[in-house]
Protein chains: 2
Amino acid sequence: MSSAGTDEPVRTRDSAATRRALLTAAQELFAAEGYDRTTVRAVADRAGVNQALLFRYFGNKEGLFSEAVRGEMMELLNAGPPEELLERTIAAMFEPVKSAEPFLAVLRGAGSSGVGADLRAELGAAYTSAFASLVDTDDHDDAVARAELLLAFLLGITVMRSIPGVGTMLTAEAASGHLRRASTALLDSSSGRS
Amino acid sequence: MSSAGTDEPVRTRDSAATRRALLTAAQELFAAEGYDRTTVRAVADRAGVNQALLFRYFGNKEGLFSEAVRGEMMELLNAGPPEELLERTIAAMFEPVKSAEPFLAVLRGAGSSGVGADLRAELGAAYTSAFASLVDTDDHDDAVARAELLLAFLLGITVMRSIPGVGTMLTAEAASGHLRRASTALLDSSSGRS
DNA sequence: CGATGCCGTAAGCAAGTGCTTACGGCCGAA
DNA sequence: TTCGGCCGTAAGCACTTGCTTACGGCATCG
C-alpha cells in the first residue's frame, strides 16, 4: 500500500502532468479507501507532488474528487453505444482490479449526503436511463424500476467483491452466468409485468 | 438533524439505561452517516450523555460500533427460521426507515479495510450460508455463488435506496415483484447450472 | 453518620485534518 | 541580460478527531 502503483515521478515543471498525476492518484485512493479516509496528503504523496498544488489546481478536496471520478465514469459511459453498456459494465466489474474502482469511489464518496451528491445522482440517472431503454415496454415506470434494480444488482456485486472475506464465489466464471441470466430476466418485459 | 429522534432524556444515574441510550444513538448515526462521519461527540450528544461515558462502557469507538451493529443484525438473523430469512430481509428492507439501517451501518463501517472487518465477514457468512441452504443442489460452490449473488442484490438495493435522488422507483410496490422473481430465479437450481 | 464505590462532568491533550501563505527558483519574453 | 509569471516547496494555522484524566456528587452499606 505504501509504494505507488501507477505514478510517474513527475519532477518536471509541467502543470498538465502534475494535474494528471494528481487525478490518477486520487482515482486510485478514493476507490480503495473512500472519500473520508483518503487524505489530501496521501494523494499528493502518491502523485509525488506537494499538496499545495492540489488546492491550486482543484480548489479543494471535493473539487479533486469530483473531477477525478466524473472523468473516469464518463469514460466508461461513453466508451460505446448504450445498448452495450450493460455488457461493458459487467466486463469491467470482473476485470482484475481495473474498472470497478470508479463505482466504489462514487459509492464511498459520501455516507449519505454531502460530497458528490450531484455526481451520484447524475451517474445514477445516466445508467438508469440507459438500462431502461433496453426494456421493451410502454410502461415507463416499470422500465425504470427494472433498470434501477439491475443497477442495484451491479452495485451490490461490486460492493460485496470489495469486502475482504465475503463474496469469495463472485468470480467471473462462477457468477457471470447467473448474473447475465438474472439481468435478462429483469429486462425481459414479457415476464412479470406489474 | 440537530434534534434527536429516539432518545429518552436519561438524566437518571442508571448505567444500563445510559448504555442503551448510547447504543441506540450509535445505531441511528452509524446507519445514517457511516462510521467515519459519525463522531463520538455526536453519539454522546444524541444520547444526552457525556462522551467520556462512551469510552468507559465500550472502550473505544470501534467497540461501540461492533456492539451496536452486531446486536442489531443478530436480532434480524435470529428472528425466525433460516428458510424465512430472505422474506424477512426483503420485508425489512422496504419498511419505512427501520431495519435497512444495520445493513448500511455494516457496509459503511469501513471503506475497505479496518473497522468491523470481522463483523462484515461474519454477517456475510451467516447470510450466505442461510441463502445457500435454500438452493436445492449438490454443487456446493454453485449454491454459494447463487447465495452470494442474492445477498449482493439485496445489498445493492439497500445501498441505492440510501442515495438521495437515485432509486426513486425502488419502492415496495414497484420493485418487490421483480425482486422476488429474480431471487427465486437465482435460487432455482433447475436453471443455468454451471 | 461516615465511608466506599459507581455515575456523571469538565477540561484538555496529542494527533491528524483541510487549507493557506509566503517564499525560492526555473522558464520564456523583451 | 533583465524581468515577470508560473511552478514547486516549506511551514504553519485553525479546527476536529478519538481518547484521557482528574474531579464532584449521589447512593448504598456498615
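Structure report, in brief.

Thresholds applied
- Residues numbered from 1 in each chain as written.
- Chains lettered and ligands numbered in written order.
- Predicted model: local features only at pLDDT ≥ 70, side-chain atom pairs only at ≥ 80, totals over all residues.
- Heavy atoms only, no water.
- Near = heavy atom within 4 Å.
- Polar contact = N/O pair within 3.5 Å; in protein donor to acceptor, adjacent residues only side chain to side chain.
- Helix = DSSP H or I, 4+ residues; strand = E, 2+ residues; numbered from the N terminus.
- Nonpolar A, V, L, I, M, F, W, Y, C, P; charged D, E, K, R; others polar.
- Axes fitted to C-alpha atoms, helices over the stretch in contact; angles between N-to-C directions.
- Parallel < 35°, antiparallel > 145°, perpendicular 65-115°, else oblique.
- Left-handed = near helix turned anticlockwise from the far one by under 90°.
- Contact = heavy atoms within 4.5 Å.
- Core = buried A, V, L, I, M, F, W, Y, C linked by side-chain atoms within 4.5 Å.
- Buried < 20%, exposed > 50% of the residue type's maximum accessible area, 1.4 Å probe, protein only.
- Buried area = accessible area lost by both parts, 1.4 Å probe.
- Salt bridge = Lys/Arg side-chain N within 4 Å of Asp/Glu carboxyl O.
- Least-squares fit on C-alpha atoms with pLDDT ≥ 70 in both.

In the region of DNA strand C, 22 residues are neighbours, and T39 and K61 of chain A together with T12, S15 and R56 of chain B sit closest. Of everything in DNA strand C that lies within 4 Å of the protein, sugar and phosphate atoms constitute 45%. In the model, a base nitrogen of DNA strand C is placed 3.0 Å from a nitrogen or oxygen of the R41 of chain A side chain. Of all the secondary structure elements, the ones that give two or more residues to the surface near DNA strand C are α2 (40-47) and α3 (51-58) of chain A together with α1 (15-37) and α3 (51-58) of chain B. Counting residues per element, the surface near DNA strand C draws most heavily on α3 of chain B, at five residues. In terms of residue class, the surface near DNA strand C is made up of six nonpolar, nine polar and seven charged.

Next up on the list: the packing of helix α1 (residues 15-37) of chain A against α2 of chain A. All names here are of chain A. Running from amino to carboxyl end, α1 crosses α2 at an angle of 125°, the nearest separation of the two axes being 8 Å. One element, α1, and the other, α2, form an angle in the oblique class. The two elements α1 and α2 cross, and the hand of that crossing is right-handed. Between α1 and α2, the contacting residues are A21, L22, A25, A26, E28 and L29 on the first element and A42, V43, A44, R46 and A47 on the second. Across the contact of α1 with α2, the residue classes break down as nine nonpolar, no polar and two charged.

Counting 120 residues, the largest nonpolar core has Y127, F131 and I157 of chain A together with Y127, F131 and I157 of chain B as the members making the most contacts within it. Sequence-distant contacts of Y127 of chain A, defined by excluding residues within four places in its chain, comprise M73, L76, L77, L85, T89, F103 and L151 of chain A.

Glancing now at the interface of chain B and chain A. Where the parts come together, the accessible area they lose is often given as the size of the interface. Each side of the interface is counted separately: chain B has 46 residues, and chain A has 46 residues. Counting the surface chain B buries against chain A, the share from its top three residues, R37, L149 and H178 of chain B, is 17%. Our count for the contact surface shared by chain B and chain A stands at two salt bridges. Residues R37 of chain B and D36 of chain A are paired through a salt bridge, measuring 2.7 Å at the closest nitrogen-oxygen approach. At the boundary of chain B and chain A, one finds ten residue pairs in polar contact (both at pLDDT 80 or more). For the side of chain B that touches chain A, the secondary structure elements donating two or more residues are α1, α7 (117-132), α8 (140-161) and α9 (172-187) of chain B. The greatest single-element share of the side of chain B that touches chain A, amounting to 15 residues, is contributed by α8 of chain B. Each residue belonging to the side of chain B that touches chain A can be placed in one class, and the counts come to 27 nonpolar, nine polar and ten charged.

For the pair chain B and chain A, the relating rotation is 180°, the translation along its axis is 0.0 Å, and the fit reaches an RMSD of 0.1 Å. Read as a symmetry element, the transformation amounts to a two-fold axis. No C-alpha of chain B lies nearer the rotation axis than that of G156 of chain B, which sits 1.8 Å from it. Here 98% of the contact residues of chain B are again contact residues in chain A; the copies associate through an equivalent surface.

As a structural note, the neighbourhood of DNA strand D is formed by 22 residues, with T12 and S15 of chain A together with R13, T39 and K61 of chain B the closest of them. A share of 40% of the atoms of DNA strand D within 4 Å of the protein falls on sugar and phosphate groups. The contact in question runs from a phosphate oxygen of DNA strand D to an N or O atom on the side chain of T18 of chain A, over 3.1 Å. For the surface near DNA strand D, the elements supplying multiple residues, two or more each, are α1 and α3 of chain A together with α2 (40-47) and α3 of chain B. The element that contributes the greatest number of residues to the surface near DNA strand D is α3 of chain A, accounting for five residues. For the surface near DNA strand D, the class distribution of residues is six nonpolar, nine polar and seven charged.

Quick look at α3 of chain B now. The N-cap of α3 of chain B, judged by a side-chain oxygen 2.8 Å from the amide nitrogen of A52 of chain B a few residues on, is N50 of chain B. Downstream of α3 of chain B by a residue or two, G59 of chain B has a phi angle that is positive, lying close to 80°.

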